[in-house]
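For reference, the chains in residue letters:
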Amino acid sequence: MTDQHDSRPGEVTRILVELREGDRAAHERLIPLVLDELRSIARRLMRDERVGHVLQPTALVNEAMLRLLGDQNPDWHHRQQFLAVAAGCMRRVLVDHARSRDAEKRGGDWQQVTLTESLRDGETIDLDVLALHGALEELAELDPRQATIVELRYIGGMTLQETAEHLGVGTTVVSTDWAMARAWLYNELTGDASDD
């Protein structure tokens, strides 16, 4: 797969290979090449967070990168895979912050998230970020590919085509799984078991 956004084709892929081979300094060359996309992912995640959140998009990127680049055995093969992993890491950072805050307040002041990529056409719902995390973990146990598709599409901002390429499946499979995952999450998060 060619890195479409590289200043030189394949540059991110080459650097990811260097990281896998143990060149820990390669991350210094990697970050500038993907920083705009990482910030875009962070902004997409943060738009659903409560006003006045302790983390700002840049801080979210920084904290996620510290976690990712601390991995002693990175196994990233191309730009889209790295960005998908980074998006998941940013989501976990937000979940950790929500859990920490809730632990300090002992259950007070839950964190509201609006799913702007609606789970049902034309409808958004408000929910606790921890509820969304729990639902995604449960979905991952039931259908790991569907949970991955939700992370790649909703959190990572990938298109159907990019998601299909990342997973090595057809766009029809991704489209079907995406629809099923959205319906399951809607029912899980709203308690609505009615069929459409």
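Just above, that's the structure.
Quantities reported herein were computed from a predicted structural model and do not represent experimental measurements.

What counts, and at which threshold
Residues numbered from 1 in each chain as written. Predicted model: local features only at pLDDT ≥ 70, side-chain atom pairs only at ≥ 80, totals over all residues. Heavy atoms only, no water. Helix = DSSP H or I, 4+ residues; strand = E, 2+ residues; numbered from the N terminus. Buried < 20%, exposed > 50% of the residue type's maximum accessible area, 1.4 Å probe, protein only. Areas by Shrake-Rupley, 256 points an atom, 1.4 Å probe, with all protein chains shown as cover. Expected span 1.5 Å × (residues − 1). Phe/Tyr/Trp six-rings, centres within 6.5 Å; stacked < 30°, edge-to-face > 60°. Lys NZ or Arg CZ within 6 Å of the ring centre and 35° of its normal. Salt bridge = Lys/Arg side-chain N within 4 Å of Asp/Glu carboxyl O. Axes fitted to C-alpha atoms, helices over the stretch in contact; angles between N-to-C directions. Parallel < 35°, antiparallel > 145°, perpendicular 65-115°, else oblique. Left-handed = near helix turned anticlockwise from the far one by under 90°. Contact = heavy atoms within 4.5 Å. Nonpolar A, V, L, I, M, F, W, Y, C, P; charged D, E, K, R; others polar.

K.L.:
Please clarify how the overall build of the chain should be interpreted in this entry.
P.N.:
Summing up its helical and strand segments, the chain has eight helices and two strands in all. Sequence-ordered secondary structure for the chain, helices as α and strands as β, is α-α-α-α-β-β-α-α-α-α. When the 196 residues of the chain are sorted by exposure, 44% land in the buried category. Of the roughly 10,100 Å² of accessible surface on the chain, 49% is carried by carbon and sulfur atoms.

K.L.:
Please clarify how helix α8 (residues 171–190) should be interpreted in this entry.
P.N.:
Owing to its 3.6 residues per turn, the α-helix aligns residues three or four sequence positions apart on the same side. Compared with the 28 Å implied by 1.5 Å per residue over 20 residues, the 28 Å span of α8 between its first and last C-alpha is a close match. Burial in α8 covers these residues: V174, D177, W178, A181, R182, L185, Y186 and L189. Where α8 terminates, the next one or two residues include G191, which has phi positive at roughly 75 degrees.

K.L.:
Please clarify how the packing of aromatic side chains should be interpreted in this entry.
P.N.:
Any aromatic ring pair is given by two values, namely how distant the centres are and how the planes are angled relative to each other. In total, this model carries one aromatic pair according to the counting rule given. Centroid distance W76 to F82: 5.0 Å. Interplanar angle 80 degrees. Geometry classified as edge-to-face. On the accessibility criterion, W76 (5% relative accessible area) is buried. Take F82: its relative accessible area is 0%, and that puts it in the buried class. The lysine or arginine in question, R153, covers the ring of W178, its NZ or CZ lying 4.9 Å from the ring centre.

K.L.:
Can you help me understand the pattern of salt bridges in this one?
P.N.:
Any two side chains of opposite charge can pair, given that their charged atoms come close. Taken as a whole, this structure holds nine salt bridges when the rule is applied. The salt bridge partner of E63 is R67, with a shortest N-O separation of 3.4 Å. Of this pair, E63 and R67 are both found in helix α3 (residues 57–69), four residues apart, which corresponds to roughly one turn of the helix. Notably, a salt bridge pairs E151 with R91, separated by 2.3 Å at the nearest N-O pair. Remark: R91 occurs in helix α4 (residues 79–105) and E151 occurs in helix α6 (residues 144–155); sequence separation between them is 60 residues. Taking the relative accessible area as the measure of exposure, R91 reaches 10% and is therefore buried.

K.L.:
Mind showing me how you'd approach the packing of α6 against helix α7 (residues 160–167) here?
P.N.:
If you want to describe how two helices pack, look at the angle between their axes and the distance between the axes. Remark: α6 packs on α7, axes separated minimally by 10 Å, with the N-to-C direction vectors making an angle of 135 degrees. The orientation of α6 with respect to α7, classified from their angle, is oblique. Crossing hand, α6 versus α7: right-handed. Residues R145, T148, I149, L152 and R153 of α6 lie in contact with α7, whose contacting residues are L160, T163, H166 and L167. Here the contact of α6 with α7 is composed, by residue class, of four nonpolar, three polar and two charged.

K.L.:
Could you clarify how one ought to interpret the packing of helix α1 (residues 11–20) against helix α2 (residues 27–46) in this entry?
P.N.:
As a packed pair, α1 and α2 sit with axes 9 Å apart at the nearest point and diverge in direction by 150 degrees. With respect to α2, the element α1 is oriented roughly antiparallel. As α1 packs across α2, the resulting crossing turns out to be left-handed. Contact residues: α1 offers E11, V12, I15, L16, E18 and L19, while α2 offers H27, R29, L30, L33 and V34. Looking at the contact of α1 with α2, its residues break down into seven nonpolar, one polar and three charged.

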